[in-house]
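Here's the letter readout for the chains.
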Amino acid sequence: MLWEGNTNSKLVFATFFLIASKEIFAFHTPYKPEKSRHFDVTKSSTFVPVTDKVFDLHYADGSHLKGFNGIDQVWLGDYKCSAPFGVITDCNSPDFNGVDGILGFGLPKAGQEGRELPHPLLFAMTDQQNKNSNARDLTRKFSFFSTDTDAEVQLGGYDPATTVGEMWYTPCLSQNDFIVGVTSVKFGHKFDQAEELIQFADSGDQPYLPAIMDSGTSCLVIPGDRLGGKLTNVPFNDFTNKWEEGKSFWLGIGGRQWRVPFSSWFLARTNQTCVQPSPAGMQGLLIGDVFFRSYMVEFDMTQREKPIIGIAPLNTAYQAVQRPELGTFELHHAPMGKLQLLRGEETMFPAEHTQRLTQVDQIPIFNKKGTQYFMDVGVGTPRQPFTVIFDTGSAVFGVFVRKHDLPMSIRAQLPDSIIGGDPFLLEQTSVRVQPASTGLDKLLGIHGSGVSGMAAALVMLNVAAMGVVMMLVRRRRASAAASPLLQGEMA
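So, here's what we can say about the structure. (Residues numbered from 1 in each chain as written. Predicted model: local features only at pLDDT ≥ 70, side-chain atom pairs only at ≥ 80, totals over all residues. Heavy atoms only, no water.)

Once that is clear, we can look at the packing of aromatic side chains. For the structure on display, the rule yields 31 aromatic pairs. Centroid distance Y31 to F400: 5.7 Å. Interplanar angle 50°. Geometry classified as tilted. Pair noted here: Y31 is in the loop between β1 (2-3) and β2 (48-58) and F400 is in strand β29 (residues 397-400), with a separation of 369 residues, a long-range link. Summarising the aromatic geometry, the rings of F145 and Y318 are spaced 5.0 Å apart at their centres and angled 70° between planes, so their arrangement reads as edge-to-face. Here the residue F145 occupies a position in strand β6 (residues 141-146), and Y318 occupies one in the loop between β20 (308-313) and β21 (325-333), the gap between them amounting to 173 residues. Counting every residue linked through ring pairs, the aromatic cluster contains F105, F142, F144, F178, W258, F291, F292, Y295, F299 and F390. Against the face of W75 rests R383, its NZ or CZ located 3.9 Å from the ring centre. (Phe/Tyr/Trp six-rings, centres within 6.5 Å; stacked < 30°, edge-to-face > 60°. Helix = DSSP H or I, 4+ residues; strand = E, 2+ residues; numbered from the N terminus. Lys NZ or Arg CZ within 6 Å of the ring centre and 35° of its normal.)

Let us look at helix α3 (residues 235-242). The periodicity of an α-helix, 3.6 residues per turn, causes residues three or four places apart in sequence to face the same way. Within α3, burial applies to P235, F236, D238 and F239. Buried residues of α3 fall within an arc of 160° about the axis and therefore sit on the same side. Those residues of α3 hidden inside the fold are in contact with β9 (179-188), β12 (220-222), β13 (248-253), α4 (262-265), β16 (272-273) and β17 (275-277). (Buried < 20%, exposed > 50% of the residue type's maximum accessible area, 1.4 Å probe, protein only. Arc of directions from axis to C-beta. Contact = heavy atoms within 4.5 Å.)

Locating T51 in the fold gives a position in strand β2. A distance of 3.1 Å separates polar atoms of two side chains, one belonging to T51 and the other to Q413. Excluding residues that lie within four positions of it along the chain, T51 makes contacts with F68, N69, I410, Q413 and L414. (Polar contact = N/O pair within 3.5 Å; in protein donor to acceptor, adjacent residues only side chain to side chain.)

When β13 meets strand β14 (residues 256-260), the two strands line up antiparallel, connected through five bridges. Across the sheet, residue W250 finds its bridge partner in β14, namely R259. The antiparallel pairing of β13 with β14 creates a hairpin that spans two residues between the two strands, and G254 there sits at a positive phi of about 65°. (Pairing = 2+ DSSP bridges.)

For the structure shown, the criterion picks out six salt bridges. Notably, a salt bridge pairs E196 with K186, separated by 3.7 Å at the nearest N-O pair. In this pair, E196 sits in strand β10 (residues 195-196) while K186 sits in strand β9, placing the two residues 10 residues apart along the sequence. Here E196 matches K186 in class, with each residue buried. (Salt bridge = Lys/Arg side-chain N within 4 Å of Asp/Glu carboxyl O.)

Attention shifts here to the nonpolar core. Of all hydrophobic cores here, the largest spans 83 residues; its most connected members are L103, F249, W265 and F291. Those residues within four positions of W265 in sequence are excluded, and the remaining contacts are F187, F239, W243, K247, S248, F249, V260, Q272, T273, C274, V275 and V290. (Core = buried A, V, L, I, M, F, W, Y, C linked by side-chain atoms within 4.5 Å.)

Here you go:
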């Protein structure tokens, strides 16, 4: 059984583990499979079932997906390849009503989860050994453009037209998640008058807090306690006490200060404050869409052991594409030798060289009321069209099937846990799982299991924060595999 993040609040990510247990809550609205399109394996001449690999995914809001792996032709914009994907036989979440699956652009996960889930689509497409891919030479990067009304994913790099300043690069702290180090969170009307919300008990050697950057998450999540004595204050309490219209946040990332204006973290259209407190046990931050509405962020996965994040001011006048487009741009690229660490914090460097990336594919994303993002994909030969949830924080790509329409030759190879039971609705009950010890104990000082504690903790967070702040929810799937986050001084 695998546990993932929240499909609705988008405030969940993989690397933080809960102290105690996890609950799943029933949905008031049922999943309606008749509103989704389903992949017909019998109509694809290239489909190959991989029935010895099955998955059982649980999400923090109670969503549950089950299925098995398959291989087929997958179409994404102008690219196609033979790729593994999830054949989803069971779903219980109304979040999927009207959509046909999920497309995750996250990093491959380690351990049991990585062995059970299909290899991420972007990695399969850019695999040099994949002779059935026309994207083998595509640089393993993507960028996400998002405003209140438009969104776009760019494959192979970023279009300079989406930025109004230089792109700065910094290495991630993990090879499994897009994690950066935050050294400062200031709040005020002007930077030189802003007050520090992250007050470290030990200010020596430039301390930092880990934070996941996820373009699919809505809000900014800051510590809701003193992190076991690591801080001398409670940042969220200070934020609420100092709340004032027109104030901005400044996040210290990579030795630079990045402003998140009032218009980004306070959503005037819905009169919502998109800042939340983290629960006890969480030792970091979550940097969500409040940041991505101000900055173009590039996710560079060309070095598997050290992903890189690029950040540049967003050009809000840029018009997102309405159909897939292929362009050639002069893109800046930071020399690898300069992406170094300095005294326990990330250090960012501007690009000093340029290289021509001949393929930057721009793919439109359907933005539904600013809270949900969808992308059109194709699967099979001939191509069967699907609209899936686009999610930069998950590594899962999968589409729905009606399992009782599967050929008997496939059904006979599937375990009872997949083929049995209701073909459309999973039992929606409250479930508790007692976690076991994990390798992240050193980071959190707690115990966990394959359950994402951050995911479970944020379920409780959403309940606890209801009377404190309102938030704009956004779909999110975050993997539950533990990442080797570092605590204290980085190596």
